[in-house]
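# Notes for the structure review
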Amino acid sequence: MGLKTAVISKIGHGHTSHFILEELKSEKIDTKLLVKSKEHTGYSVILDADKTDRSIFAYKGGNRHFKFSEVNKSKLKQTKLIYLTSFKTAFKESEKVALFAKKNKIKLAFNPSCYLAEKGYKFLKKVLDCTNYLILNKEEASLLVKGKTKEELARKLFEKGPEIVVITDGKHKVIAYDGKFHYVKPRKIKILETTGAGDAFGSTFIGCILKKIPIQKSLKLAQKNSESVIRYYGAKNKLLTWKELTKQW
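Presented here is an overview of the structure given in this document. These numbers were taken from a predicted model, which means no experiment stands behind them.

Definitions and limits used
Residues numbered from 1 in each chain as written. Predicted model: local features only at pLDDT ≥ 70, side-chain atom pairs only at ≥ 80, totals over all residues. Heavy atoms only, no water. Pairing = 2+ DSSP bridges. Helix = DSSP H or I, 4+ residues; strand = E, 2+ residues; numbered from the N terminus. Axes fitted to C-alpha atoms, helices over the stretch in contact; angles between N-to-C directions. Contact = heavy atoms within 4.5 Å. Parallel < 35°, antiparallel > 145°, perpendicular 65-115°, else oblique. Left-handed = near helix turned anticlockwise from the far one by under 90°. Buried < 20%, exposed > 50% of the residue type's maximum accessible area, 1.4 Å probe, protein only. Patch = residues over 30% accessible without salt bridge, like charges linked within 9 Å, V, L, I, M, F, W, Y side chains within 5 Å. Areas by Shrake-Rupley, 256 points an atom, 1.4 Å probe, with all protein chains shown as cover. Salt bridge = Lys/Arg side-chain N within 4 Å of Asp/Glu carboxyl O. Phe/Tyr/Trp six-rings, centres within 6.5 Å; stacked < 30°, edge-to-face > 60°.

Turning to the sheet that holds strand β2 (residues 35–48), a few remarks are in order. Pairing is mixed across the open sheet formed by three strands, whose spatial order is β1-β2-β3. Each edge of the open sheet is held by one strand with a lone partner, namely β1 (10–13) and β3 (54–61). Strand-to-strand, the axes of this sheet are offset by a mean angle of 45°, without reference to chain direction. Examined bridge by bridge, β2 and β3 share seven bridges and lie antiparallel to one another. Within β3, the residue paired with Val-45 across the bridge is Phe-57. Here helix α1 (residues 15–26) sits on the sheet in contact with β1 and β2, set at roughly 85° to β2.

Printed below as a string of structure tokens:
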């Protein structure tokens, strides 16, 4: 999307680490914030089944022992936004990242998983209190607050503090709430595999917000990128460039 980006994670040794580093460099992603580990690098194996079902087996590797204290803070202070995803085995470190962002007036986008949402709002409170942009699916939202509709869920989550709450819902309408409701309806397309759909949507939406694009248009572009990914195998095949994304916009 033309933004300057870096990755914070823990990378180990072996063939997987070399592959990942080369992939990141090819995408012009800064790797100076990566922490080196003596363990093997984490990876996942995706098993596809009929239609859009799949199972993902994840080996966390060095990330099990990720410590925020090992990250270069002076370099991190230069960023405008941190996009925080699910740290299953090092959640206390996620809290430290979130508090660092708030203290240094860095915007925080948070995309929890069902694994974390199942633990409830109180468990995630320290991170949610620092979150500016909350992106999650309907199931995850329902685990954090009570509500019969996406509108009710979004409003209740918004009252907790985020500037924008976005709730995705598979083939149903996506909703965003910032004091006002915004919607986008997914198109009927042939889905080959759903892996990476949420990541494509969330990262595109946040990229658009950083570019100061209105929420409604940001939702449409995020949905467009997500729909591009699910037409192909793999978690990130056919992610659109900014030029491709805004073509015929």
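On we go from here.
Axis separation between helix α8 (residues 197–210) and helix α9 (residues 215–229) bottoms out at 8 Å; the angle between their running directions is 150°. Taken together, the axis directions place α8 and α9 in an arrangement best described as roughly antiparallel. You can see that α8 and α9 cross each other, and the crossing is right-handed. Each of Ala-197, Ala-200, Phe-201, Thr-204, Phe-205, Cys-208 and Ile-209 in α8 lies in contact with α9, whose residues at this interface are Ile-215, Ser-218, Leu-219, Leu-221, Ala-222, Gln-223, Asn-225, Ser-226 and Val-229.

The residue Asp-169 is located in the loop between β7 (164–168) and β8 (174–177) in this model. Taking the relative accessible area as the measure of exposure, Asp-169 reaches 17% and is therefore buried. The residues contacting Asp-169, other than those within four sequence positions of it, are Lys-138 and Lys-150.

Taken together, the side chains of Tyr-43, Val-45, Leu-47, Phe-57 and Tyr-59 present a nonpolar region at the surface, about 470 Å² in accessible area. Within the residue set of the nonpolar patch, elements represented by two or more residues are β2 and β3. If you tally residues by element for the nonpolar patch, the top one is β2, at three residues. According to the relative accessible area criterion, Val-45 is partly exposed, its value standing at 38%.

This part takes up the pairing of strand β5 (residues 107–110). As paired strands, strand β4 (residues 81–84) and β5 are joined by four bridges and run parallel to one another. Paired with Leu-81 across the strands is Lys-107, a residue of β5.

Within a pair of aromatic rings, the relevant descriptors are the distance that separates the centres and the angle that separates the planes. This structure, assessed with the given rule, holds six aromatic pairs. Between Phe-158 and Tyr-177, the ring centres sit 5.0 Å apart and the planes meet at 80°, which makes this aromatic pair edge-to-face. On the criterion of sequence distance, the pair formed by Phe-158 in helix α7 (residues 150–158) and Tyr-177 in strand β8 is long-range, its members being 19 residues apart. A relative accessible area of 24% places Phe-158 in the partly exposed class.

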